[in-house]
Every structure is written in structure tokens, then in C-alpha cells.
Amino acid sequence: MSHHEDPFSNHDQADGDVEKQDDGDGDIHSHGGASRPSRRKKEGADGAVDGQDREELKEWECYDKLGYSFSWWKKWGILSVIFAVQTSMNFNASFYASSITLYAAHFSISEQAARVGQMAFLVSYAFGCEFWAPFSEEFGRWPIMQLSLLFVNIWQLPCALAPNFGTIIIGRILGGVSSAGGSVTLGMVADMWEPEGQQYAVAFIVLSSVAGSVIAPVVGGFVATFLDWHWNFWIQLILGGFVQILHFFIPETRCGILVTREARRRRKNGSMVWSGDELKKTRMSFRWVFMVWIRPFVMFVREPIVLCLSLLSGFSDSLIFTFLQSYTPVYKQWNFTTITTGLAFLP
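Residues numbered from 1 in each chain as written. Predicted model: local features only at pLDDT ≥ 70, side-chain atom pairs only at ≥ 80, totals over all residues. Heavy atoms only, no water.

1. Regarding the environment of Lys 65
Stated formally: Numbering of helices and strands runs from the N terminus, with a helix taken as a DSSP run of H or I at least four residues long and a strand as a DSSP run of E at least two residues long. For this analysis, residues touch if any pair of their heavy atoms sits within 4.5 Å.
Mapped onto the fold, Lys 65 is located in the loop between β5 (55-56) and α1 (72-95). Each C-alpha atom, one on Lys 65 and one on Thr 253, is 9.9 Å from the other, the two residues being 188 residues apart in sequence. Each residue touching Lys 65, except ones within four places of it in the same chain, is listed here: Leu 258, Glu 262 and Arg 265.

2. Observations regarding the confidence of the model for the protein chain
Note the cut-off: A residue's pLDDT is the predictor's confidence in that residue, given on a scale from 0 to 100.
Per-chain confidence: the protein chain averages 81 in pLDDT, with 84% of residues scoring 70 or above. In the predicted structure, residues 1-52 sits below a pLDDT of 50 and forms 67 contacts with residues beyond four places in sequence or in another chain.

3. Side note on the nonpolar core
Cut-off, in case you're wondering: Residues belong to a common nonpolar core when they are buried Ala, Val, Leu, Ile, Met, Phe, Trp, Tyr or Cys residues joined through side-chain atoms within 4.5 Å. Only protein chains enter the accessibility calculation, which uses a 1.4 Å probe; a residue whose area is less than 20% of its type maximum is buried, one above 50% is exposed, and one in between is partly exposed.
By size, the foremost hydrophobic cluster in this structure holds 22 residues, and its most contacted members are Val 85, Met 89, Met 145, Leu 149 and Ala 180. Looking at which element gives the most residues to this core, the answer is helix α4 (residues 116-139), with five residues. The contact partners of Leu 149, leaving out residues within four places of it in the chain, are Val 85, Met 89, Val 243, Gln 244 and His 247. Membership of the second largest hydrophobic core comes to 14 residues, among which are Phe 107, Ile 169, Trp 229 and Phe 233.

4. Side note on helix α8 (residues 182-192)
Burial analysis of α8 places eight of its 11 residues in the buried class, the great majority of the element. Considering only its buried residues, α8 is in contact with α1, α4, α5 (141-154), α9 (199-226) and α11 (255-268).

5. Considerations on the packing of aromatic side chains
In plain terms, the rule: By convention, a stacked pair of Phe, Tyr or Trp rings (six-membered ring in the case of Trp) has centres within 6.5 Å and planes under 30 degrees apart, an edge-to-face pair has planes over 60 apart, and any other such pair is tilted. Remark: a charge is flagged as sitting over a ring if the NZ atom of Lys or the CZ atom of Arg is within 6 Å of the ring centre and within 35 degrees of the ring normal.
One pass over the full model with this rule turns up 26 aromatic pairs. Aromatic pair Phe 139 and Trp 288: ring centres 5.7 Å apart, planes at 80°, arrangement edge-to-face. One end of the pair, Phe 139, is in helix α4; the other, Trp 288, is in helix α13 (residues 286-302), with 149 residues separating them in the sequence. With relative accessibility at 38%, the residue Phe 139 sits in the partly exposed group. Exposure remark for Trp 288: the relative accessible area of 16% places this residue in the buried category. Through a chain of ring-to-ring contacts, the aromatic side chains of Tyr 96, Tyr 103, Phe 107, Phe 165, Trp 229 and Phe 233 assemble into a single cluster. Cation over ring: Lys 74 sits above Phe 70, and NZ or CZ is 4.1 Å from the ring centre. Geometry around Trp 193 places Lys 75 over its ring, the cationic atom sitting 5.2 Å from the centre.

6. Quick notes on the pattern of salt bridges
Any two side chains of opposite charge can pair, so long as their charged atoms come close to each other. Let me state the cut-off plainly: Should a side-chain nitrogen of Lys or Arg be within 4 Å of a carboxyl oxygen of Asp or Glu, the pair is scored as a salt bridge.
On inspection of all chains with the given rule, the structure shows six salt bridges. Where Arg 254 meets Glu 137, a salt bridge forms, and the shortest distance between an N and an O atom there is 2.9 Å. Of this pair, Arg 254 sits in the loop between α10 (230-248) and α11 while Glu 137 is found in helix α4, placing the two residues 117 residues apart along the sequence. Classification of Glu 137 as partly exposed rests on a relative accessible area of 28%.

7. A few points about the packing of α1 against α5
In helix packing, the relevant descriptors are the interaxial angle and the interaxial distance, both defined with respect to the helix axes. Stated precisely, the cut-off is as follows: The convention used is that axes are lines fitted to C-alpha atoms, helices contributing only their stretch in contact, and that angles between N-to-C directions extend from 0 to 180 degrees. Roughly parallel refers to an angle under 35 degrees, roughly antiparallel to one over 145, roughly perpendicular to one between 65 and 115, and oblique to any angle outside these ranges. Each crossing gets its handedness from the near helix: less than a right angle anticlockwise from the far helix is left-handed, clockwise is right-handed. Under the grouping applied here, Gly and all other residues not named as nonpolar or charged are polar, the nonpolar ones being Ala, Val, Leu, Ile, Met, Phe, Trp, Tyr, Cys and Pro and the charged ones Asp, Glu, Lys and Arg.
Following both chains from N to C, one finds α1 and α5 inclined at 30°, their axes separated by 12 Å at the closest point. Classified by the angle their axes make, α1 and α5 are roughly parallel. Crossing handedness for the pair α1 and α5: left-handed. Here α1 contributes Val 85, Met 89 and Asn 92 to the contact with α5, which in turn contributes Met 145, Ser 148, Leu 149 and Val 152. Taken together, the residues of the contact of α1 with α5 break down into five nonpolar, two polar and no charged.

Structural data, given as C-alpha cells:
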């Protein structure tokens, strides 16, 4: 029997009237025979255990349960759904522009003022990606993406029912901030492919960004011609709801979450192991939320490659959307209609 001090006792060692002993089953006994569970061994409600002497389950010990070990068809099935999700988000970014003239006429504003809704979404979208991505590392890809899609769909409602143009601006800003975007979808690629095998999956997801930006003006030309401006947002909501339902049925891919699930399963079978996330015993607080959210911005400062590639990505996106906006004034010189201007994106 080994003797040790109970750190949770309020009794001073000088009392000396009770000697506490720890037996092999983790219970603490006094001379009187009474026993109580040792806090050092007690498992919490979340599966974590206080103390420092637990065995950690490593990723390589349950590699067959991680996304890397998914079958080929399962990986590409998940990626196909993510393709649709990413297309939907970039569709929202581009589709608005096709009804600029309708907003201007209905709210009695200039077309330049009507384009503020496009700008507001794009700027807030950039911050939305940085907001959601770090939390997907902590809570998993699936719940974060579902929450993002839900909020994006909710903010379509005030836009579609807007009594004034200011409501549309606010709705577009909130919709952009709510969009998780490629920061989460590309993270799922890293969850399922090792670095040396990610090239085709990354190219596939990047293609979805381009696809959404091209499909939107093609469809938007017909919508702006045959429907009123409200339908610009109703169609975004319909597409967003459809891809959220598709996404609901795909599994979690985040390694840390899958390791935690496997550790809990093994504990139920008698193997006392815990995941690294459980051993950290993270407690929700304002400081913790702030530190998680600020993580990408810290990387901007400390990692030159991250800063350079982020600037390159931002510059390329600005070129893409400037190019998209330039179609209408350019093709008006040859009397292109809204529909034919949209169809010009196909070649």
C-alpha cells in the first residue's frame, strides 16, 4: 500500500488522526474502513478524468477509424456533397449581381448603390471563413458546417422580405459572416487524405468555387428577366436548404473528434484510454473562444507562407468578381440582354 496526501482534503496534515490509503482499485480508505472514490480516478460527465496518469489514445492506434481509412467511394461521396455545398456558397456570392437593375428600380436607388449588397457579402464572407474554420477544428466539421448553412439560409428570409434596401445590406452582411466557405471544406480534404495524396481532391473542391461563380449569372439572367427581385433570394434559400439536407447525411471527418469517439467506445469495453482532446479538459470561456477565433490571424503574423498565400487568394478572388461585374457594361455595347449576358459565361 502506498501512502499519499489527498489534495482535495481540507484537513491539515498535523491532525494526524486519520491516515488515508489508496488501494489498487482507486478508492481511498481511512482507518475506520469508510471508503470513497478517489478524485484522481473519477471520470467526469464528458469522458475526461482528473489527474495526469491516464493513457492517451494516439491517432496511429486507431488509424482504421479515421477519415484516412475511409473507402474510395466514401471519400468521394463525401467530397461530392462538399462540392455542392461550396458551389452553393459561391452561388450566393455571385447570384445577387444578376438582379442589380431590379433592386435599383424597386428601391429607387442607383445601380452603383445596389452593388453595395454584393460588396457587403464578399467582405463579410472573408471574415466568415476565418470565424468558422478554427471552431471546426475544436467541435468537428459536421456541426460547424450545419450551423453555418442554417444561418446562411435564415438570413435569406429578411433579404427576400426586405421592406427597404438597408435590410438587404444587413442580411447580406450576416449571410457573409455565416458562410464557412473553403476554409472548412478544404479542411475536410486534409481529414481524409494524407498530404502527398491531396492534389486531386483539392482541385475538385477549388473547381466548385469556380462552378458556383459561373452557374449563378447563367441562371440569374433568366430569373432577372422572368421573375421579380424577391426570387433572387428565394432561389438562394431553396438551393441552400437542398445542400444542407444533403450535408446532414455525411459523417464527421475531423480526426480529433473521431479519436475521441473511439476512446469512449473503448472505455465502454473496458480499455481505459482517453483522447488528447479529453485530457486537455477544455472549459468554455470568453478567453478560450477568443483564443480559438484569433488563431488564423496569429498565423498571418507568424507564418509568412500563410500570409502570402492568403494575399494571393484574396487578390485572385478580387480579380474574379471584378471580372464578373464587368460583363454587363462590356456586353451592353453590343446590345446583349440580361439572359444573353449570363449565357456569355458558358464559353
